[in-house]
Amino acid sequence: MSRPVSDAHATAWRTRQVPVPAQVVDGVWAVPVPLHGSALRSITVFLITTGDGPVLVDAGYDHPSCWASFQRSVASIGQRVDAVRAVLLTHNHPDHVGFADRVRAASGARVVMGHADDFTTMHRRRGTFLEQLRTALDLTGAPPDVVAAMYADAVAVTAHPEDLRLDTALTGETEFHFGDVTIRALPAPGHTYGHTVYLDSRGLVFTGDTMMAEGPTQLAIVSRPADDPAADLFRTLARLRDLGATIACPAHQFPYRDVAARAEALAAFHHDEVATVRGLTGDGVTAWDLARRMPWKKPWDELGRGTRRFALVHALALLRHVTADR
């Protein structure tokens, strides 16, 4: 189990509470934002103080309650939203990009994200999120009525704008200088195809949804023939293992130490998943067949419908990896 930086933060997460803002190290604040209507409960926006002004990593839902909570929390730690110089987004999911445009309107901050997760680029290459999801569900081999029900559920809960414009779309490793703080943006695909992590010059790595303190990583949606998000994730975890970072700051759960050990443990978990799929795979086996036979936190029949959808799409990504190896 990962060693938390703050026991109070870890306890709050484990008891399903939203933590209060807390300093991770001198100059870096964890600012939890409650997520309106989400089972995730909260996302942590990290605020980095620099000589040029605050820099944010991620931005919660575009919902009035999230925005109001964030503004109150920033004021409570003696910072100002209108002074923010940059918003560094790890990926394009709605709980991460939501109020980035509000911050930019308030402060003139630059909004940054990986090129493959830029909505304009994603729409051109892959389509909208829901279009990608429908393609993936069709690829799983699930019965048509299951696909239709899962897609309808997704439409009901994932309708959100995909129109955020970036000031900078990252196409590779990029170094930013904010006063005395240097932040390196590193491509880290696996959870999405344009996922980015940010390495602070003090040894902190902001991992988004790539590497939580506990639990697996949800693999990206497979919608194109060359997609292999499991292979992407294994390369990303190897890079995180070797970064030399001392503290990982994920967007959910809590900041933790032992970064290299966590990267190794997470890679081992997903390699075990791949081995399980390889052992279950035979001629004509589909992701739908696999998902109902794989070990999850609960038996398949006890999973909620939304969790089944995530599990099924994850199984498809694992199957793609196994068949790509052949």
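Residues numbered from 1 in each chain as written. Predicted model: local features only at pLDDT ≥ 70, side-chain atom pairs only at ≥ 80, totals over all residues. Heavy atoms only, no water.

Some words on the packing of aromatic side chains
Each aromatic ring pair is specified by the distance between its two centres and by the angle formed by the two planes. Basically, it comes down to this: Working definition: a ring pair exists when centres of Phe, Tyr or Trp rings (six-membered ring for Trp) sit within 6.5 Å. Plane angles under 30 degrees give stacked, over 60 give edge-to-face, the rest tilted. The classification of residues rests on relative accessible area computed with a 1.4 Å probe and restricted to protein chains. Under 20% of the type maximum is buried, over 50% is exposed, and intermediate values are partly exposed. Whether a charge sits over a ring comes down to the Lys NZ or Arg CZ being within 6 Å of the ring centre and within 35 degrees of the ring normal.
Counted according to the given criterion, the structure contains 6 aromatic pairs. Arranged with centres 6.1 Å apart and planes meeting at 20 degrees, the rings of Phe-176 and Phe-178 form a pair that is stacked. By the burial criterion, Phe-176 is buried, and Phe-178 matches it. Looking at Arg-126, its charged tip hangs above the ring of Tyr-193, at a distance of 3.7 Å from the centre. One Lys or Arg, Arg-134, reaches over the ring of Tyr-151 and ends 5.4 Å from the middle of that ring.

Here we look at the nonpolar core
Rule in force here: Take the buried Ala, Val, Leu, Ile, Met, Phe, Trp, Tyr and Cys residues and link them wherever side-chain atoms come within 4.5 Å; each set so joined is a nonpolar core. To qualify as a helix, a DSSP run of H or I must reach at least 4 residues; to qualify as a strand, a run of E must reach at least 2; elements of each kind are numbered from the N terminus. Working rule for contacts: check all heavy atoms of both residues, and any pair within 4.5 Å makes them a contact.
Grouped together as the largest cluster of nonpolar side chains are 54 residues, with contacts concentrated most on Val-205, Met-211 and Leu-312. For this core, the element with the highest residue contribution is helix α11 (residues 305-324), accounting for 9 residues. Ignoring sequence-local partners within four residues, the contact set of Met-211 consists of Thr-217, Leu-237, Leu-240, Pro-250, Tyr-256, Val-259, Arg-262, Ala-263 and Leu-266. Counting residues in hydrophobic clusters, the runner-up holds 30 residues, among them Trp-67, Val-84, Phe-99 and Ala-109.

A closer look at the sheet that holds strand β12 (residues 247-250)
Our working rule: Here, strands pair whenever DSSP counts at least two bridges between them. Every axis in this analysis is a line fitted to C-alpha atoms, fitted for helices over the stretch in contact. Angles between the N-to-C directions lie between 0 and 180 degrees.
Within the open sheet, the 5 strands sit side by side as β8-β9-β10-β11-β12. Their pairing is mixed. Because the sheet does not close on itself, it has two edges, and the strands there are β8 (174-178) and β12. The average undirected angle you get between the axes of adjacent strands in this sheet is 25 degrees. Strand direction decides the pairing type here: strand β9 (residues 181-187) and strand β10 (residues 196-200), joined by 5 bridges, are antiparallel. Note on β10: the bridge partner recorded for Pro-187 is Thr-196.

Remarks on helix α2 (residues 64-76)
Worth spelling out the cut-off: To estimate how far a helix should reach, multiply one less than its number of residues by 1.5 Å. The arc in question is the one spanned by the directions pointing from the helix axis to the C-beta atoms.
Here α2 contains 13 residues, and its C-alpha end-to-end distance of 18 Å stays within 8% of the 18 Å for a straight helix at 1.5 Å per residue. The set of residues buried in α2 consists of Cys-66, Trp-67, Ser-69, Phe-70, Ser-73 and Val-74. Buried residues in α2, looked at end-on, bunch into an arc of 165 degrees, giving them a common side. What points out from α2, more than 90 degrees from its buried face, is the exposed set Pro-64, Arg-72, Ala-75 and Ser-76.

Remarks on the pairing of strand β1 (residues 22-25)
Where β1 meets strand β2 (residues 28-34), 3 bridges bridge the pair, whose relative direction is antiparallel. If you follow Gln-23 over to β2, its bridge partner there is Trp-29.

Description of the side chain of His-252
Put simply, the rule is: Throughout this description, a polar contact denotes any pair of N or O atoms lying within 3.5 Å of each other; where both atoms belong to protein, one of them has to be capable of donating a hydrogen while the other can accept it, and for residues adjacent in sequence the pair is counted only when both atoms sit in side chains.
Its location among the elements puts His-252 in the loop between β12 and α9 (259-280). Among the polar contacts made by the side chain of His-252, one reaches the side chain of Asp-95 at a distance of 3.2 Å. Those residues in contact with His-252, other than ones at most four positions away along the chain, are Leu-35, Leu-40, Ser-42, Ile-43, Asp-95, His-96, Asp-209 and Met-212.

Focus on the pairing of strand β11 (residues 204-208)
Counted residue by residue, β11 has 5 buried out of 5 residues, so it is predominantly covered. Alternating residues of β11 divide into Leu-204, Phe-206 and Gly-208 and Val-205 and Thr-207, and every residue in both groups is buried. With 2 bridges joining them, β10 and β11 adopt antiparallel strand pairing. From the neighbouring strand, Leu-199 faces β11, where its bridge partner is Val-205. Between β10 and β11, which follow one another and run antiparallel, lie 3 residues, and Gly-203 among them has a positive phi close to 100 degrees. As defined by bridge partners, β11 adjoins β12 across 4 bridges and the pair is classed as parallel.

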